[in-house]
Amino acid sequence: PGAPYLKVTPSMLKRQTGRRGKDAWTALGGRVYNISPYLPFHPGGEPELLRCAGRDGTKLFGEIHPWVNYEGMLASSLIGMLVEEGEETG
Ligand code: HEM
């Protein structure tokens, strides 16, 4: 069976800012993660981490700490794959 991962479009990602009772998601390297569980543990602080909430954080992340193994750290918080608008169904 295939992995039950969601296809996430930019507009879906945009709603996941961590506000209005929703979790904060970010996209890193084409994968979408729920970063809410990690917020209290981020060494750079919650406000810094939230700068990548609701959007593609790949560039920002890479500018700050490209050596950090986010794939390992966030594996249990993987939501799905980032896809183009309209590619979420089918
Ligand atoms: C530090 C993880 C996103 C800003 C760190 C460290 C880890 C980490 C493990 C410690 C690195 C070390 O000491 O070598 C993550 C993960 C992220 C993320 C998993 C994404 C999901 C961000 C973003 C920003 C940011 C988006 C800023 C916009 C910082 C800063 C530090 C830091 C400034 C340095 C803190 C210090 O040494 O005082 N992060 N980070 N991080 N992070 Fe992140």
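The structure contained in this document is the topic of the report that follows. (Residues numbered from 1 in each chain as written. Predicted model: local features only at pLDDT ≥ 70, side-chain atom pairs only at ≥ 80, totals over all residues. Heavy atoms only, no water.)

Quick notes on a negative patch on the surface
No. 1: Judged by side-chain charge, Glu-84, Glu-85, Glu-87 and Glu-88 come together as a negatively charged surface patch.
No. 2: By the element assignment, Glu-84 lies in the segment after β5 (78–82).
No. 3: Under the relative-accessibility criterion, Glu-84 is labelled exposed at 56%. (Patch = residues over 30% accessible without salt bridge, like charges linked within 9 Å, V, L, I, M, F, W, Y side chains within 5 Å. Areas by Shrake-Rupley, 256 points an atom, 1.4 Å probe, with all protein chains shown as cover. Salt bridge = Lys/Arg side-chain N within 4 Å of Asp/Glu carboxyl O. Lys, Arg positive; Asp, Glu negative; His and termini not counted. Charge placed at Lys NZ, Arg CZ, Asp CG, Glu CD. Helix = DSSP H or I, 4+ residues; strand = E, 2+ residues; numbered from the N terminus. Buried < 20%, exposed > 50% of the residue type's maximum accessible area, 1.4 Å probe, protein only.)

Considerations on the coordination of the iron atom of the ligand
No. 1: Around the iron atom of the ligand, the protein contributes the donor atoms His-42 (NE2) and His-65 (NE2), which lie 2.0 to 2.1 Å from the metal centre.
No. 2: Geometry at the iron atom of the ligand is octahedral, judged from its six donor atoms and the angles of 87 to 179 degrees they form at the metal. Separated by 23 residues along the polypeptide, His-42 in the loop between β3 (31–34) and α2 (46–50) and His-65 in the loop between α3 (58–64) and α4 (70–73) bring together distant segments of the chain. Per residue, the accessibility class of His-42 equals that of His-65, and both read buried. (Donors = N, O, S within 2.8 Å, 3.2 Å for Na, K, Ca; no water. Tetrahedral: all angles 85-135°; square planar, octahedral: opposite > 155°, others 65-115°.)

Details of the site of the ligand
No. 1: Surveying the vicinity of the ligand reveals 18 residues, the closest of which are His-42, Glu-48, Ile-64, His-65 and Trp-67.
No. 2: Here a nitrogen atom of the ligand and a side-chain polar atom of His-65 are 2.8 Å apart.
No. 3: Trp-67 is positioned such that a nitrogen or oxygen atom in its side chain is 2.7 Å from an oxygen atom of the ligand.
No. 4: Every element with two or more residues in the shell around the ligand is listed here: α2 and α3.
No. 5: Of all the elements, α3 adds the most residues to the shell around the ligand, at three residues.
No. 6: The class makeup of the residues in the shell around the ligand is 13 nonpolar, three polar and two charged. (Near = heavy atom within 4 Å. Polar contact = N/O pair within 3.5 Å; in protein donor to acceptor, adjacent residues only side chain to side chain. Nonpolar A, V, L, I, M, F, W, Y, C, P; charged D, E, K, R; others polar.)

Shape is all these values report; function is a separate question.
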